[in-house]
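Descriptive structure summary
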Amino acid sequence: MTNQHQYFGHPRGLFLLFGTELWERFSYYAMRAILVLYLTDTTMNGGLGWSTKDALDLYGIYTGLVYITPLIGGYLADNYLGQRRSILLGGALMAIGQFTLALPADALGLGSLHTFYLGLALLIAGNGLFKPNISTMVGDLYNEGDNRRDGAFTIFYMGINLGGALGPLVAGYAAAAMGWQWGFIVAGVGMVLSVLLQLALSNKYLGNIGVVPSAKLSQAQSESNTKEPLTKVETDRIKVIFTMSVFSIIFWMGFEQAGGLMNLFANDYTDRMLLGFEVPASWFQSLNSIFIIVFAPLVAIIWLKLDKREPNSPVKFAIALIFLALGFITMILALMTQGQGEHLQISMMWLVLFYLFHTLGELCLSPIGLSMVSKLAPLRLASMLMGIWFL
């Protein structure tokens, strides 16, 4: 860690990374909120007119690739590019990807679907370079044993979710008012702001953090010039990361229904009228992030109050899975009490409860997992193991 000015007891670099991630998540969640709706909308309204099945299949493939590529991006950052260059390159690719999605069908002479797929491919590749490295750099701001690290990831997580709350609201409104392409343009603007923040302030706020690839940094710190094998302690720590990943996979399998299945449920089977205004279906995608902003400080206070009785990471993961189940039980109750059928219209409050339970589960799992990986991962594998965690 470099000598840095402090804001609220933390290195000021944390707040640069907070802002960078805020605008990147604004971009990601803005696009995610409208993707399936755009795919299934009729061509008359400017959508692609896909079936629900095809749209959910593509959403699943896209989301899966978004979380696979950080493994490659982490490896490239650790060994060749360094974290800072990876973030800038990844951010630029994602900005181009969002604007490509916004292009008219035949703008590139590729045909509508080919242009669309090119935009998704750029987003996937850019995300792979960006996602694991921004999280790793948060951990790099603190020396080993610094007890501010968990708090730093909670602050960072607030940045993620402030962007996640704003993105669907702004893009959803733009898409509803002016057309789907404007939703993608909004997402592209958010990504440009993220890159500009890094370009303008990273040297001043981060010093040398993330400049040198961590594998080279680890070798320079070693007494030997040869690449040393992992120690038993390092191997055991990596085993813990892999073990906890299993429970993380189960949680996100359910949680990630939000952008696909639950998005369509909000659009087709939910009464969205509120005081004469029809709430855009995409706005429900902001509930998770809004709840995190509200409840993250409360959850952090609960962990502090418990002190020595605070649950360990495996217990917190188990609590997360219970909250995940409660979210789906809520939807079962909604269907039992309000019936089923082609013209089903359930109250919005059931969806609000669904997202509340899933958010409480996320708070027991996601920031804890990020902090755990940053603490346990050997320096030379830091970004790659963060990539494995996201995978």
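The preceding data block contains the structure.
Keep in mind the model is a prediction, meaning the values are calculated, not measured. Per chain, the residues get numbers from 1 upward, laid out in the order the sequence is written. Predicted model: local features are reported for residues with pLDDT of at least 70 only, side-chain atom pairs are reported and counted for 80 or more only, and whole-chain, interface and lining totals are derived from all residues. With hydrogens and water excluded, all non-hydrogen atoms of the structure serve as input to the side-chain values.

1. What to know about helix α9 (residues 261-269)
Where α9 is concerned, the buried positions are M262, N263, L264, F265 and A266. Where α9 is buried, its residues contact α1 (12-40), α2 (52-81), β3 (270-271), α11 (313-338), β6 (346-347) and α12 (348-376). Only protein chains enter the accessibility calculation, which uses a 1.4 Å probe; a residue is then buried when its area is under 20% of its type maximum, exposed when over 50%, and partly exposed in between. In this text, helices come from DSSP runs of H or I with a minimum length of four residues, and strands from runs of E with a minimum of two, each type numbered from the N-terminal end. Contact definition: two residues touch when any of their heavy atoms are within 4.5 Å.

2. Here we look at the packing of helix α5 (residues 149-178) against helix α10 (residues 287-306)
When two helices pack together, their arrangement is given by the angle between the helix axes and the distance between those axes. To define axes, lines are fitted to C-alpha atoms, for helices over the stretch in contact only, and angles between the resulting N-to-C directions are given on a 0 to 180 degree scale. Interhelical geometry of α5 versus α10 gives an angle of 150° and a closest axis separation of 7 Å. Comparing their axes, α10 and α5 come out roughly antiparallel. As α5 packs across α10, the resulting crossing turns out to be left-handed. Judged by residue contacts, Y157, M158, N161, L162, G164 and A165 of α5 engage N288, S289, I290, I292, I293, A296 and P297 from α10. For the contact of α5 with α10, the residue count by class is nine nonpolar, four polar and no charged. Here the word oblique covers every angle except those under 35 degrees (roughly parallel), over 145 (roughly antiparallel) and from 65 to 115 (roughly perpendicular). Two helices cross in a left-handed way if the nearer one is turned anticlockwise from the farther one by less than a right angle. They cross in a right-handed way if the turn is clockwise. Basically, the charged four are Asp, Glu, Lys and Arg, the nonpolar ten are Ala, Val, Leu, Ile, Met, Phe, Trp, Tyr, Cys and Pro, and anything else, Gly included, counts as polar.

3. Re the side chain of T63
Relative to the assigned elements, T63 resides in helix α2. Residue classification places T63 among the buried residues on the basis of a relative accessible area of 7%. If we skip the residues at most four places from it in the chain, T63 touches Y28 and E256.

4. With respect to the environment of S202
For S202, the location among the structural elements is in helix α6 (residues 180-206). On a C-alpha basis, the gap between S202 and R84 in space is 8.2 Å, while along the polypeptide they are 118 residues apart. Dropping the residues within four chain positions of it, S202 is found in contact with L16, R84, L197 and G207.

5. A word on the packing of aromatic side chains
Note on aromatic contacts: the rings of Phe and Tyr and the six-membered ring of Trp form a pair at centre separations within 6.5 Å, being stacked when their planes are under 30 degrees apart, edge-to-face when over 60 apart, and tilted otherwise. In this structure the tally under the stated criterion is 16 aromatic pairs. Plain terms: the ring middles of F251 and F255 are 5.6 Å apart, the flat faces sit at 25° to each other, and that makes the pair stacked. In this pair, F251 and F255 both sit in helix α8 (residues 232-255), four residues apart, roughly one turn of the helix. Pairing F265 with Y269 gives two aromatic rings, centres 5.6 Å apart and planes at 50°, and the pair type is tilted. Linking F265 with Y269, this pair stays in helix α9, spanning four residues, or about one helical turn. Put simply, the rings of Y38, F116, Y117, W180 and F184 touch in pairs and so form one group of aromatic residues. Against the face of Y28 rests R25, its NZ or CZ located 4.3 Å from the ring centre. For a Lys NZ or an Arg CZ to count as sitting over a ring, it must be within 6 Å of the ring centre and within 35 degrees of the ring normal. Directly above the aromatic system of W303 lies the positively charged group of K316, at a separation of 4.3 Å from the ring centroid.

6. Examining α10
The span you would expect from a helix comes to 1.5 Å times its residue count less one. The end-to-end C-alpha separation of α10 is 28 Å, in line with the 28 Å expected for 20 residues at 1.5 Å each. Its maximal kink placed at F295, α10 deviates by approximately 40°, while the proline P297 follows within four residues. Within the sequence span of α10, burial applies to L287, N288, S289, F291, I292, A296, V299 and W303. Buried-residue contacts for α10 involve α5, α8, α11 and α12. Remark: D307 follows α10 within two positions and exhibits a positive phi of approximately 50°. The angle separating two fitted axes, one through the seven residues that finish at a residue and one through the seven that start at it, defines the bend at that residue.

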